[in-house]
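# Geometric and topological summary
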Amino acid sequence: MSKVALITGITGQDGAYLAEYLLKKGYIVHGIKRRSSLFNTERIDHLYQDPHTENRNFILHYGDLTDSMNLTRIIQETQPDELYNLGAMSHVMVSFDTAEYVANTDGVGTLRILEAVKLLGLTQKTRIYQASTSELYGMVQEVPQSEKTPFYPRSPYGVAKLYAFWITKNYREAHGMHASNGILFNHESPIRGETFVTRKITRAVARIALGMQDAVFLGNLSARRDWGHAKDYVRAMHLILQQDEPDDYVIATGVTTEIRKFAWKSFREIGINVEFSGEAEKETGKIRDIDEKNFIEKVGEEFLDDIKVRIKTNPDVVKVDPSYYRPSEVDLLIGYPTKANQKLGWKPEYDLTGLIKDMVNSDIKLMKRERYLKDGGWETLNYFE
Ligand code: NAP
Ligand code: F7E
């Protein structure tokens, strides 16, 4: 018989990759999506099944992590073997402006899930995955960060997730539930939200190359992150729930990189060499030269002349805008994923170069499409299929 999974946050980056992964494994996948005034299912539209289809294995339910009764009803109706709690207001900077909402969704929302499973008598049936985060380490107390490193969150998001981490652990210990935390370090992909720094950069690289944007404005260029690919990280989520015993795991690559270097590598992926100079708000990244062969191969010959002109006229492609600085910053994250490597047998397939390649090339395709559509070029669309 097929296993049943319920995913909160199904419309997000991880929800989409996890749903696809579980469907390929033969699961019946239920997802909770929020009602929104515009379509919010773009990431999972390729998985959609007509409600009249027999033996449907991908089913969406309206819901919200702030609504206990709704969550309880959906869990009762779906009787999941595995419940992945991925829903959250996940943007750290935005959490400074919406702290109470984040506490309610990301913190108490996790309690609602755990309590519903307990109340419905499903503690022995339903295994729970909680989307914990490297933001728990915040002002890091140890380098690199492992499952044993003490937490010191630095944002309302981190603090809400701290509650979610501990309430998950408490329900495991107090009620014998199979509830586990995946402490995932940053993971990105071509479908990453556009306001996270990696996607903001790869999208801007594509737009700058195609003449659609002059420069990208960023905040703290010196912060360091341990970035992996979301496709690798959803495999780890699934592995965590296949273990006989529930536990907490750090999922990371063990490599850390500055934001500045991520930007440099992203431009370089399409043959644009950028040089950084200046300090703090005055720092800029300028085009130094172009590897024409690479640029033509990745972007197209028709865009080369314009970008060459920019070296002389307007070379600044990265600028600093202090409004992106955070009230309290997480300066350095680097994970120590040995427990996951050894116990789960998990290893990432993508390294940072592979991740950047995937993201930049996908954004070039997307932005070309956008550019041609804007120019009224409907008839040229087939070119991109
Ligand atoms: P994401 O792209 O921002 O997706 C978040 C999902 O949560 C979306 O489906 C969103 O729905 C949904 N959501 C937001 N508020 C909700 C609410 N009140 N009720 C129900 N659903 C709600 O995030 P992600 O990158 O996929 O991350 C998945 C989870 O892992 C999150 O919990 C995040 O905090 C955590 N995490 C992420 C990373 C990372 O680097 N990506 C690392 C560690 C932990 P809409 O589409 O309607 O907005
Ligand atoms: O910022 C710096 C910023 O927003 C990374 C979420 O998925 O991962 C994510 O949180 C760094 C920070 O991700 C800009 O100051 C510079 O130091 O891409 P981010 P995040 O805050 O690390 C963790 C693990 C999660 O759990 C979260 O849900 O980049 N930075 N300039 C910038 N950041 C943004 N967003 N925009 C900038 O312009």
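In what follows, the structure referred to is the one given above.
Residues numbered from 1 in each chain as written. Chains lettered and ligands numbered in written order. Predicted model: local features only at pLDDT ≥ 70, side-chain atom pairs only at ≥ 80, totals over all residues. Heavy atoms only, no water.

### Digging into the overall build of the chain
To keep it simple, the criterion reads: The way it works is that DSSP assigns letters per residue, a run of H or I at least four long becomes a helix, a run of E at least two long becomes a strand, and they are numbered from the N terminus. As defined in this context, the radius of gyration uses C-alpha atoms, and a globule is described by 2.2 Å times the residue total to the power 0.38. The method behind every accessible area is Shrake-Rupley, applied with a 1.4 Å probe, and residues are considered shielded solely by the protein chains displayed.
Helix and strand content of the chain: 12 helices and 15 strands. Taking 385 residues into account, the globule formula puts the C-alpha radius of gyration at 21 Å, and the chain, at 22 Å, falls close to it. Once the C-alpha set of the chain is aligned to its principal axes, its extents read approximately 70 × 55 × 40 Å. A total of about 18,100 Å² of accessible surface is found on the chain, and carbon and sulfur atoms cover 50% of it.

### Quick notes on the layout of surface pockets
The rolling of a water-molecule-sized probe over the atoms marks out the regions of remaining empty space. Our working definition: Think of a 1 Å grid over the protein atoms and nothing else: a 1.4 Å probe that fits but is trapped marks a cavity, an open set flanked by protein within 12 Å on at least five of seven lines marks a pocket, and residues with an atom within 4 Å of a point count as lining. Grid points are joined across faces, edges and corners, and a volume is the space filled by probe spheres set on the points. Each residue is assigned to one of three groups, with Ala, Val, Leu, Ile, Met, Phe, Trp, Tyr, Cys and Pro labelled nonpolar, Asp, Glu, Lys and Arg labelled charged, and all others, Gly among them, labelled polar.
Estimates place the volume of the second largest pocket at around 350 Å³. As for the second largest pocket, its lining consists of 20 residues, of which K33, T41, Y48, L60 and Y62 are closest to the centre. Looking at the lining of the second largest pocket element by element, the count peaks at five residues for strand β3 (residues 58-62). Here the lining of the second largest pocket is built from residues that sort into nine nonpolar, six polar and five charged.

### Notes on the sheet that holds strand β8 (residues 216-218)
What holds strands together in a sheet is hydrogen bonding between their backbones, with the strands either parallel or antiparallel. Just so we agree on the cut-off: Two strands make a pair as long as DSSP finds a minimum of two bridges between them. Between N-to-C directions, angles cover 0 to 180 degrees, with each direction set by a line fitted to C-alpha atoms, over the stretch in contact for helices.
The four strands lie next to each other as β8-β15-β14-β13, forming an open sheet whose pairing is mixed. Pairing within the sheet leaves two strands with one partner each, and these edge strands are β8 and β13 (272-277). Ignoring strand direction, the axes of neighbouring strands in this sheet form an average angle of 25 degrees. Strand direction decides the pairing type here: strand β14 (residues 284-290) and strand β15 (residues 316-320), joined by three bridges, are antiparallel. Following the sheet pairing, T284 is matched in β15 by K319.

### Topic: the site of ligand 2
What counts here: Each residue is tested against the molecule or strand, and it is near if at least one of its non-hydrogen atoms lies within 4 Å. Here a polar contact is taken to be a pair of N or O atoms separated by no more than 3.5 Å, where protein atoms must pair a possible hydrogen donor with a possible acceptor and residues adjacent in sequence count only if both atoms sit in side chains. Bear in mind that the domain bounds are from an automatic or database domain assignment.
Around ligand 2 sit 23 residues in total, of which S90, T133, Y157, R326 and E329 are the nearest. A distance of 2.7 Å separates an oxygen atom of ligand 2 from a polar atom in the backbone of S90. R192 is positioned with one of its side-chain polar atoms (N or O) 2.9 Å from an oxygen atom of ligand 2. Look at ligand 2: alone it shows 690 Å² of surface, and the protein chains cover 95% of it. Taken together, the elements giving at least two residues each to the shell around ligand 2 come down to α6 (197-209) and β8. Tallied by class, residues from the shell around ligand 2 come to nine nonpolar, eight polar and six charged. The residues that make up the shell around ligand 2 include at least three from each of domain 1 (4-184) and domain 2 (197-223 + 258-331 + 351-374).

### Considerations on the packing of helix α1 (residues 13-24) against helix α7 (residues 230-242)
Threshold: Left-handed describes a crossing whose near helix is turned anticlockwise from the far helix by less than a right angle; the clockwise case is right-handed. For this analysis, residues touch if any pair of their heavy atoms sits within 4.5 Å.
Viewed as axis vectors pointing N to C, α1 and α7 meet at an angle of 65 degrees, and their least axial separation amounts to 9 Å. α1 and α7 meet at a crossing whose hand is right-handed. From α1, Q13, D14, Y17, L18, Y21 and L22 reach across to α7, where they touch A230, K231, V234, R235, M237 and H238. Per-class residue counts for the contact of α1 with α7 are seven nonpolar, two polar and three charged.

### Some words on the site of ligand 1
In the vicinity of ligand 1 lie 25 residues, with T11, R34, S90, Y157 and K161 positioned nearest. Measuring from a nitrogen atom of ligand 1, one finds a side-chain N or O atom of D64 at 2.9 Å. The contact in question runs from an oxygen atom of ligand 1 to an N or O atom on the side chain of Y157, over 2.5 Å. Relative to its unbound accessible area of 900 Å², ligand 1 is 89% covered by the protein chains. Broken down by secondary-structure element, the contributors of at least two residues to the shell around ligand 1 are α1, α4 (99-119), β5 (127-133) and α5 (156-175). Residue contributions to the shell around ligand 1 peak at three residues, all from β5.

### Examining the pairing of β14
Here β13 runs beside β14; their pairing, made up of six bridges, is antiparallel. Each residue of the ladder has a partner; that of S277, found in β14, is T284. Hairpin connection of β13 to β14: six residues between the antiparallel strands, including G278 at a positive phi of 90 degrees.

### Details of a negative patch on the surface
As a reminder of what qualifies: Distance thresholds for patches are 9 Å for like charges and 5 Å for nonpolar side chains (Val, Leu, Ile, Met, Phe, Trp, Tyr), applied to residues having over 30% relative accessible area and no salt bridge. For this document, the term salt bridge refers to a Lys or Arg side-chain nitrogen within 4 Å of an Asp or Glu carboxyl oxygen. Just so you know, the count uses Lys and Arg for positive and Asp and Glu for negative, and it drops His and the chain ends. A charged residue contributes its charge at one atom only: NZ of Lys, CZ of Arg, CG of Asp or CD of Glu. Per-residue accessibility, obtained with a 1.4 Å probe over protein chains only, is compared with the maximum for each type, and a residue is labelled buried under 20%, exposed over 50%, and partly exposed between these values.
On the surface, a cluster of negative charge is made up of E301, E302, D305 and D306. Looking at where D306 falls in the secondary structure, it is placed in helix α10 (residues 304-313). Under the relative-accessibility criterion, D306 is labelled exposed at 55%.

Scope: geometric values only; no functional claims are made or implied.
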